[in-house]
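# Reading the structure
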Amino acid sequence: MGDALNALRIFNEKGVDEITVLDIEAGPNGSGPNLPRIRELAQECFAPLAYGGGVTDLGAIERLVHAGVEKVILNTASVENPSFLEEAAREFGTSTMVAAIDYRNEDGAPMVYTRGGSRPTTRQAHELAKELCDRGAGEILLQSIDRDGTRAGYDLDVISSVSKGVNVSVVACGGANDVNDLRLVLEMGCSAAAGSMFVLFGRLQAVLITYPRASELGRQEDVWP
Amino acid sequence: MLLVVDTGLGNVGSMSNMLGRLGFPCVVSGEPRDVERASKIILPGVGAFDKGMRALRARNLVGVLNEKVLGQNTPVLGVCLGLHLFGESSEEGTENGLGWLPLKARKFPAVWDRDALQVPHMGWNTVRPAGSSGLFSQLPQNPRFYFVHSYYVASSDGNLVAGTTEHGFEFCSAAVRGRIAGVQFHPEKSHRYGMGLLRNFVESF
């Protein structure tokens, strides 16, 4: 898809309300957050910025916030050590802390995976989401590994069961194909995130970064004088 | 020259980039001699009140800022902690503020409860413009901005209030007196709305 900075500049122009950057190489065995790079992205970002990838201690969260990040996403670290999330939420506020949950459907159960989807756990998405919220997650980023990049539509059953068990906002990710898919998630009272849908377009799936307008999602547009 | 004051307490890059994007080149500096040259000043800020005041003092900026703003009537915009520093004091610390506006920063009642008021107040929220400052002109009715804060400013002088926001109760989210303006939210993180507000400050203050 090319450089994250360019993508970010295009989303700026479109008036996106929040941008999430996930560094898929910074994970538990990786190098941790690339602060100079994140600082550069934060400077370019005219909307709140969420970052996830390789965050395993309170010091890293403090450095990220100082670099200009508004929300910090924990995945493996909070699943393997939920008390870390609790400490982080007390220190930085629940609204700073997002818990990401990756899962695969196995025999009808949404089984949670960590370490970039490589390590199975015995937890199920909905019960883990509830625990992480009780411990201070201000938001849940729910990612279906099975549907990631498939454009087969969102996993509405699991999204619904997770969101019913928590009273924070649930952002669903994985499977979006068109604006109607986003609508279905929004109608459940959840938020919808997408990757491929915003960047691949048309018969040839050419790279074209775009973003739906509020009115396309059935929401009222602000009127600019 | 438009100056963004850098006290080293956070990333001011998005502020200077947004100004550049609007066609208002700015200087980012924490040097007193740059403050002296400035024709308009923006004081961003994140973090704790005392740390902010100490950072201004450590850089010898208090005297020159007082001279510019009170002596020369140079327009100034405070953002988030910047607004708090314009006031007299804060429940967050023991330092005295710059004292340009009769404001005191108070803490939102903290409750560790999902269903109650969340502190910090964080996220997009609307501002109801008040008064005739022009800070919100050419924006949609009740424009949206991005907030991150645990303290808000309260004033005995209602004439200062240029905008209010609801978070459990209605608080002052923008204050203006003469050429001194302060906003609680982050225009630099509020894309089109923030750009509109910064343009209003640069062009009409």
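A brief look at the structure comes next. (Residues numbered from 1 in each chain as written. Chains lettered and ligands numbered in written order. Predicted model: local features only at pLDDT ≥ 70, side-chain atom pairs only at ≥ 80, totals over all residues. Heavy atoms only, no water.)

What follows is about the overall build of chain A. Tallying secondary structure elements over chain A gives nine helices and 11 strands in all. When each of the 225 residues of chain A is scored for burial, the buried share is 48%. If you sum the accessible surface of chain A, you get close to 10,600 Å²; carbon and sulfur atoms cover 47% of it. (Helix = DSSP H or I, 4+ residues; strand = E, 2+ residues; numbered from the N terminus. Buried < 20%, exposed > 50% of the residue type's maximum accessible area, 1.4 Å probe, protein only. Areas by Shrake-Rupley, 256 points an atom, 1.4 Å probe, with all protein chains shown as cover.)

We now examine the overall build of chain B. Of the regular secondary structure elements, chain B holds six helices and 13 strands. Here the C-alpha atoms of chain B give a radius of gyration of 16 Å, agreeing with the 17 Å that 2.2 N^0.38 yields for 205 residues. If you line up chain B on its principal axes, its C-alpha atoms span 50 × 40 × 30 Å. Expressed as a percentage of the 205 residues in chain B, the buried residues total 56%. Across chain B, the mean location of the 20 positive side-chain charges is 5 Å away from that of the 17 negative side-chain charges. (Rg over C-alpha atoms; globule rule 2.2 N^0.38 Å. Lys, Arg positive; Asp, Glu negative; His and termini not counted. Charge placed at Lys NZ, Arg CZ, Asp CG, Glu CD.)

Now for the pairing of strand β6 (residues 119–124) of chain A. Residue and element names in this part refer to chain A. One ladder, built from three bridges, connects strand β5 (residues 109–114) with β6; its direction is antiparallel. Across the sheet, the residue bridging to tyrosine 113 is proline 120, located in β6. The hairpin turn running from β5 into β6, its antiparallel successor, is four residues long, and arginine 115 in that turn takes a positive phi close to 50°. (Pairing = 2+ DSSP bridges.)

We now examine the nonpolar core. Counting 55 residues, the largest nonpolar core has Ile101(A), Ile140(A) and Leu142(A) as the members making the most contacts within it. If sequence neighbours within four positions are ignored, Leu142(A) has contacts with Ile101(A), Tyr103(A), Ala125(A), Val158(A), Ile159(A), Val162(A), Val170(A), Val171(A), Ala172(A) and Cys173(A). If you look at the next biggest cluster of nonpolar residues, it comprises 36 residues, including Leu139(B), Ala174(B), Ala181(B) and Leu197(B). (Core = buried A, V, L, I, M, F, W, Y, C linked by side-chain atoms within 4.5 Å. Contact = heavy atoms within 4.5 Å.)

Facing the 30 residues of chain B at the interface are 34 residues of chain A. Surface buried jointly by chain B and chain A totals about 2,700 Å² across both partners, of which 52% is contributed by carbon and sulfur atoms. Linking chain B to chain A there are four salt bridges. Counting every contact that joins chain B to chain A gives 12 residue pairs in polar contact (both at pLDDT 80 or more). Every element with two or more residues in the side of chain B that touches chain A is listed here: α1 (13–21), β7 (121–126), β9 (144–149) and α6 (191–204) of chain B. If you tally residues by element for the side of chain B that touches chain A, the top one is α1(B), at five residues. Looking at the side of chain B that touches chain A residue by residue, the class counts come to 12 nonpolar, 11 polar and seven charged. (Buried area = accessible area lost by both parts, 1.4 Å probe. Salt bridge = Lys/Arg side-chain N within 4 Å of Asp/Glu carboxyl O. Polar contact = N/O pair within 3.5 Å; in protein donor to acceptor, adjacent residues only side chain to side chain. Nonpolar A, V, L, I, M, F, W, Y, C, P; charged D, E, K, R; others polar.)

As a further point, take the pattern of salt bridges. The tally for this structure, following the rule as stated, stands at 24 salt bridges over all chains. Put simply, Arg144(B) and Asp17(A) hold a salt bridge, and the shortest N to O gap is 2.9 Å. Of this pair, Arg144(B) sits in strand β9 while Asp17(A) sits in the loop between α1 (4–13) and β1 (19–22), placing the two residues on different chains. With a closest N to O distance of 2.6 Å, Arg128(B) and Glu170(B) form a salt bridge. With Arg128(B) in strand β8 (residues 128–129) and Glu170(B) in strand β12 (residues 169–177), this pair connects stretches of sequence that are 42 residues apart. You can call Arg128(B) partly exposed: its relative accessible area is 47%. Put simply, Glu86(A), Arg123(A), Glu127(A), Glu131(A) and Arg135(A) are held in one network by salt bridges that share partners.

Residues and elements named next belong to chain A. Look at α1 against helix α2 (residues 35–44): their axes get within 9 Å of each other, and the N-to-C directions meet at 20°. The angle between α1 and α2 places the two elements in the roughly parallel class. Like other packed secondary-structure pairs, α1 and α2 cross with a definite hand, here right-handed. Facing Ala4, Leu5, Leu8, Arg9 and Asn12 of α1, the residues of α2 in contact are Arg37, Glu40, Leu41 and Glu44. Classifying every residue of the contact of α1 with α2 by side-chain character gives four nonpolar, one polar and four charged. (Axes fitted to C-alpha atoms, helices over the stretch in contact; angles between N-to-C directions. Parallel < 35°, antiparallel > 145°, perpendicular 65-115°, else oblique. Left-handed = near helix turned anticlockwise from the far one by under 90°.)

Moving on, we get to α2(A). All buried positions along α2(A) are accounted for by Leu35(A), Ile38(A), Leu41(A), Ala42(A) and Glu44(A). The inward-facing, buried residues of α2(A) abut α1, β1, β2 (49–52) and α3 (58–66) of chain A together with α1 of chain B.

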